[in-house]
Amino acid sequence: MSTIKFHQDLKVYQKSFEVAQQIYELSKTFPKEELYSLTDQIRRSSRSVTANVSEAWGKRRYEKSFIAKLTDSEGEARETQTWCQFANACNYINKEQFNNLHNQYNQIIGMLVNMINQSEKWCSFSSLDIE
């Protein structure tokens, strides 16, 4: 693990932010009748993955809180995968776009699970270069 000073330095934060932006761009093409349902939900859950990583980082002094927020982030990632599946089934995104997003979220979920399973390493302030 390299030196992490801020939540923005975390690879999982960077990747989840990037994929949420991809979803935002794709969702601009969704039909207007989906604005308050699928469009809103997929944008909210995709952004929540990143936001919960930020919150987890801020709560890492308390390992159980850190794990809880990462678990929330994992849940939001899985929810986003489900909304992507609906978008694909409704032909708002194509199979290639769906597979790309699904695979990226599987990578994000893997990173989150690894952080949860190694929480003591992330919550040990002596191992992080924090000012």
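All figures in this text were calculated on a predicted structure; none of them were measured in a lab.

Procedures and definitions
Residues numbered from 1 in each chain as written. Predicted model: local features only at pLDDT ≥ 70, side-chain atom pairs only at ≥ 80, totals over all residues. Heavy atoms only, no water. Helix = DSSP H or I, 4+ residues; strand = E, 2+ residues; numbered from the N terminus. Buried < 20%, exposed > 50% of the residue type's maximum accessible area, 1.4 Å probe, protein only. Salt bridge = Lys/Arg side-chain N within 4 Å of Asp/Glu carboxyl O.

Asks: Tell me about the environment of Gln-118, and please be specific about residues and values.
Replies: For Gln-118, the position within the fold is in the loop between helix H4 (95-117) and helix H5 (119-123). With relative accessibility at 33%, the residue Gln-118 sits in the partly exposed group. On a C-alpha basis, the gap between Gln-118 and Ile-67 in space is 9.7 Å, while along the polypeptide they are 51 residues apart.

Asks: Explain unusual backbone geometry to me, and be specific about the residues and the numbers.
Replies: In this model, Asn-91 sits at a positive phi of 65°, which is unusual for a non-glycine residue. When you line up the elements, Asn-91 lands in the loop between helix H3 (63-89) and H4.

Asks: Please give an account of the pattern of salt bridges that cites residues and values.
Replies: Under the criterion given, the structure shown has six salt bridges. Between Glu-79 and Arg-44 there is a salt bridge whose closest N-O contact spans 2.4 Å. Pair noted here: Glu-79 is in helix H3 and Arg-44 is in helix H2 (residues 35-58), with a separation of 35 residues, a long-range link. Put simply, Lys-69 and Glu-55 hold a salt bridge, and the shortest N to O gap is 3.5 Å. Placement of Lys-69 in helix H3 and of Glu-55 in helix H2 is noted, with a sequence separation of 14 residues between them. Look at Lys-69 and you get buried, because its relative accessible area is 14%. The partly exposed category is assigned to Glu-55, whose relative accessible area is 36%.

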